[in-house]
Amino acid sequence: MATRSFKLRLHVLGSKLHKWLAIFVGVQVLLWMITGALMSFLDIEEVRSEHVVSRAPEVLPADAVMPHWLDSSEGVVSLATRAVGGRAVTEVRRDDGSVTLRDPNCGALLSPLSSASAQAIARHAWTGPPTTIATTRLIEDAVGTEFRGPFPAWQITYGDEDNTRVYIDASSGSVLAARSDTWRLFDFIWGLHIMDLQTREDTHHPILILFAILAVIGSLLGCILLFRRRKPRTVAR
């Protein structure tokens, strides 16, 4: 009898702990569902104010000092001297988005970069354990969801265990992206999370919004059922 009473008390205690734990965790789950639904309604371009604020750089004024070798100053937004592949270069950016690399002394055109220059940049960028460069190729089209430009770009694959790749802008020499098997796994999981396995970047599509709403409704119903009190049954005599 004592054993049965102890088991009954343990069951009641466990039920109470389960209930309060469900409330504690359920509140956060409900917040996740509600905030996720709200975010799926918002257009990311509006969130970033891209529809009202331009981030386009200004063109340098006509009286700006230009290198003597620059053939045309029209549309130039910036001139910068930096190191690319171990040598000093002058980067010329224009308002149409184009980028060229020039020799800072004579203005000789250095871009698009050669395969050897791209490999030198990739070696300089690598900070992991010693490795080699497995493959190098010039790409001009999107590589799945892994890289979507700008083009042309050099794809450098290292010989490490994680199959790391870097994408280097053939015009500017900038490292545009780094991808690995870890990134690819994360990208796939992210696609499942936002229910977009094609582009894996659309967080505003109707299916996601619908499921977000259903998840909120399901969470609310769960909270209601959690607090619902059962009425004791009347046993007929």
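Now for a description of the structure that goes with this document. (Residues numbered from 1 in each chain as written. Predicted model: local features only at pLDDT ≥ 70, side-chain atom pairs only at ≥ 80, totals over all residues. Heavy atoms only, no water.)

**Considerations on the nonpolar core**
Consideration 1: Within the largest apolar cluster, 13 residues are counted, with the highest numbers of intra-cluster contacts made by Val-84, Leu-113, Ala-122, Trp-154, Ile-156, Val-166 and Ile-168.
Consideration 2: Broken down by secondary-structure element, the contributors of at least two residues to this core are helix 3 (115-125), strand 5 (153-158) and strand 6 (165-169).
Consideration 3: In this structure Ile-156 touches Ala-118, Gln-119, Ala-122, Ile-133, Thr-135, Thr-136, Thr-164, Arg-165, Val-166 and Ile-168, once residues within four positions along its chain are discounted.
Consideration 4: Counting residues in hydrophobic clusters, the runner-up holds six residues, among them Ile-139, Val-143, Ala-153 and Tyr-167. (Core = buried A, V, L, I, M, F, W, Y, C linked by side-chain atoms within 4.5 Å. Buried < 20%, exposed > 50% of the residue type's maximum accessible area, 1.4 Å probe, protein only. Helix = DSSP H or I, 4+ residues; strand = E, 2+ residues; numbered from the N terminus. Contact = heavy atoms within 4.5 Å.)

**Comments concerning the sheet that holds strand 4 (residues 133-139)**
Consideration 1: Strand order in this open sheet of four strands is 4-5-6-7, and the pairing throughout is antiparallel. In this open sheet, the two edge strands, each paired with only one partner strand, are strand 4 and strand 7 (175-179). Between one strand axis and the next, the sheet turns through 15° on average, direction left out of account.
Consideration 2: Where strand 6 meets strand 7, four bridges bridge the pair, whose relative direction is antiparallel. Bridge pairing links Val-166 to Ala-178 in strand 7.
Consideration 3: Where helix 3 meets the sheet, its contacts fall on strand 4, strand 5, strand 6 and strand 7, and the angle it forms with strand 5 comes to roughly 50°. (Pairing = 2+ DSSP bridges. Axes fitted to C-alpha atoms, helices over the stretch in contact; angles between N-to-C directions.)

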